[in-house]
Amino acid sequence: MSKIRAAVTSIGGYVPEFRLTNKVLETMVDTNDEWITSRTGIKERRILKGEGLGTSDMAVEAVNELLRKRGITADDIDLLICCTVTPDLVFPATANIITDKIGASNAFGFDLMAACSGFLYGVTTASKYIESGACKKVVVVGADKMSSIIDYEDRQTCIIFGDGGGAVLLEPTEEDFGVMDTIMKSDGSGRVHLHQKAGGSVKPASHATVDAKEHFVYQEGQAVFKFAVTNMADVSAEIMERNNLKSEDIRFLVPHQANKRIIDATARRMGVGEDKVMLNIEKYGNTTSGTIPLCLWEWEKQLKKGDNLILSAFGGGFTWGSIYLKWAYDSK
Ligand code: UT7
């Protein structure tokens, strides 16, 4: 019997309507469009407005689109994994809230936190449920409402992050398509450079933590940049080497959208030109778990069965990794 692989068979995405432009940020903090554009590649990011709306609401939009396109119902889903650092609530898992909202009565679900590498960790985990035969239809959501943990008085972080998310459906195939290989890595000592100081069990929320702005993202940008630029390029080169892929074999690099300079360095290391790099950081900024599925969503129509994609990310934790994904269908 041939090996069962996990193939992406449908995709959905969602970004909120409200655009926060560099020009508007100029009126909020001491920054300017030229600095943000040249240092990050970002022009604007989307913000989820509206009382009572959270990560699950964006995920629901993405998952419903994916179901519609595949012609199945929520009841067909066996497992839903939600990758996020901005869950609706500390508990229960946002995956449970999503499955309830879409009416996926036969699914179990859980959240997976690996910051900007969350979606890659999620797809890797989902592929094991498919390859083992345990599940037939697994949805992986990558979504974040970063605006809920960003200090809009901190120019080092507020210019980077945005809200949005996407979702993919994974199904078994005996053909040679789908998740071909994955390399996932982590180094917890990197947590000092990128984290949220309070709100966890070590430092629960208090008046003092709120006053000290400890419920926002804390990032030492330069330190994170240094690790990101090396590790994302290295792991992308490693997965190519391990699978005997030359740059001409790659249809697209699908990179986490944290900083255009990190993406450029990764592409250079892989030997692929700009025409082979999915890039939408200009429009959405860094949506954490959302960046990679949002790229796949936007580029879906250009993808053909058999296209070799390299998905790569680096993020808080530190976490990083690469997936070699062979696209499994021609998009209509
Ligand atoms: O997705 C999760 C993983 N995260 C990442 O991968 C992010 C990695 N880090 C980065 O992308 C970059 O480090 C940043 C975009 C966060 C910062 O860019 P940078 O080129 O590393 O800037 P820097 O922190 O070295 O600051 C350079 C200068 C400083 O001024 P001086 O000391 O040279 O006078 C900063 O104070 O730019 C200043 N600066 C700003 N100026 C205008 C910092 N932030 C801003 C700003 N606008 N928003």
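Residues numbered from 1 in each chain as written. Predicted model: local features only at pLDDT ≥ 70, side-chain atom pairs only at ≥ 80, totals over all residues. Heavy atoms only, no water.

## Topic: the overall build of the chain
- The secondary structure content of the chain amounts to 11 helices and 13 strands.
- A compact globule built from 332 residues should have a C-alpha radius of gyration of about 20 Å, and the chain, at 19 Å, falls within 12% of that.
- By principal-axis analysis of the C-alpha atoms, the chain measures approximately 60 × 45 × 35 Å.
- Residues classed as buried in the chain amount to 56% of the 332 residues present.
- Here the chain carries 38 positive and 44 negative side-chain charges, and the mean point of each set is 3 Å from the other. (Helix = DSSP H or I, 4+ residues; strand = E, 2+ residues; numbered from the N terminus. Rg over C-alpha atoms; globule rule 2.2 N^0.38 Å. Buried < 20%, exposed > 50% of the residue type's maximum accessible area, 1.4 Å probe, protein only. Lys, Arg positive; Asp, Glu negative; His and termini not counted. Charge placed at Lys NZ, Arg CZ, Asp CG, Glu CD.)

## Quick notes on the sheet that holds strand 13 (residues 319-326)
- Here four strands make up an open sheet; going across it, the order is 8-13-12-11 and the pairing mixed. Taken across any chain shown, the strands that pair with only one partner, and hence form the sheet edges, are strand 8 (178-186) and strand 11 (252-255). With strand direction ignored, the average angle separating the axes of adjacent strands in the sheet is 15°.
- Note: strand 12 (residues 308-315) against strand 13, eight bridges, orientation antiparallel. By the bridge assignment, S312 is partnered in strand 13 with S322.
- Here helix 5 (residues 118-131) sits on the sheet and contacts strand 8, strand 12 and strand 13; the angle it forms with strand 8, its principal contact strand, is near 130°.
- Most of the contacts of helix 9 (residues 260-270) go to strand 11, to which it runs at about 145°, and overall it touches strand 11 and strand 12. (Pairing = 2+ DSSP bridges. Axes fitted to C-alpha atoms, helices over the stretch in contact; angles between N-to-C directions. Contact = heavy atoms within 4.5 Å.)

## Considering the sheet that holds strand 6 (residues 138-145)
- The strand order across the open sheet formed by five strands is 1-7-6-4-5, and the pairing between neighbours is mixed. Looking at strand neighbours, the two that pair on one side only are strand 1 (5-14) and strand 5 (108-112), the edges of this open sheet. Pairs of neighbouring strands in the sheet enclose a mean axial angle of 20°, with direction left out of account.
- Bridging between strand 1 and strand 7 (residues 163-173) involves nine bridges; their strand directions are antiparallel. Bridge pairing in strand 7 places Y14 opposite G165.
- Lying on the sheet, helix 3 (residues 55-70) is in contact with strand 1, strand 4 (79-83), strand 6 and strand 7; it crosses strand 1 at an angle near 120°.
- Along the sheet, helix 4 (residues 94-102) makes contact with strand 4 and strand 5, crossing strand 4 at roughly 130°.

## Things to note about the domain arrangement of the chain
- Here the chain is described as being made up of domain 1 (5-176) and domain 2 (180-326).
- The C-alpha centroid of domain 2 is placed 14 Å from the C-alpha centroid of domain 1.
- Contact residues are listed per partner, giving 51 residues for domain 1 and 46 residues for domain 2.
- Applying the counting rule to domain 1 against domain 2 returns four salt bridges.
- The closest approach of N and O atoms between K305 and E175, which form a salt bridge, is 3.5 Å.
- When contributions to the side of domain 1 that touches domain 2 are tallied by element, the ones reaching two or more residues are strand 1, helix 2 (33-40), strand 3 (44-47), helix 3, helix 5, strand 6 and strand 7.
- Along the lines of polarity and charge, the residues of the side of domain 1 that touches domain 2 split into 22 nonpolar, 15 polar and 14 charged. (Domains from an automatic or database assignment. Salt bridge = Lys/Arg side-chain N within 4 Å of Asp/Glu carboxyl O. Nonpolar A, V, L, I, M, F, W, Y, C, P; charged D, E, K, R; others polar.)

## A look at the side chain of T266
- Within the fold, T266 resides in helix 9.
- Taking relative accessible area as the criterion, T266 reaches 0% and is therefore assigned buried.
- Setting aside residues up to four positions removed in sequence, T266 forms contacts with M232, A233, S236 and L253.

## Thoughts on the site of the ligand
- Around the ligand sit 21 residues in total, of which T31, R39, Q222, N259 and N286 are the nearest.
- Taking Q219, its side chain carries an N or O atom lying 3.1 Å from a nitrogen atom of the ligand.
- One nitrogen or oxygen atom from the side chain of H256 is found 2.9 Å from an oxygen atom belonging to the ligand.
- In isolation the ligand exposes 950 Å². Once the protein is present, 76% of that is buried.
- Of all elements in the fold, only helix 2, helix 8 (221-242) and helix 9 reach the threshold of two or more residues within the shell around the ligand.
- Examining the composition of the shell around the ligand, we find that four residues originate from one element, helix 8, more than from any other.
- Classifying every residue of the shell around the ligand gives nine nonpolar, eight polar and four charged.
- Each of domain 1 (5-176) and domain 2 (180-326) contributes no fewer than three residues to the shell around the ligand. (Near = heavy atom within 4 Å. Polar contact = N/O pair within 3.5 Å; in protein donor to acceptor, adjacent residues only side chain to side chain. Areas by Shrake-Rupley, 256 points an atom, 1.4 Å probe, with all protein chains shown as cover.)

## Regarding the nonpolar core
- With 38 residues, the main nonpolar core has V217, L253, V272, I310 and F314 as its most contacted residues.
- Of all elements in the fold, only strand 8, helix 8, helix 9, strand 12 and strand 13 reach the threshold of two or more residues within this core.
- Counting residues per element, this core draws most heavily on helix 8, which supplies six residues.
- Composition of this core by domain shows at least three residues from each of domain 1 (5-176) and domain 2 (180-326).
- With sequence-adjacent residues up to four places away left out, V272 is seen in contact with S247, I250, L253, A267 and V277. (Core = buried A, V, L, I, M, F, W, Y, C linked by side-chain atoms within 4.5 Å.)

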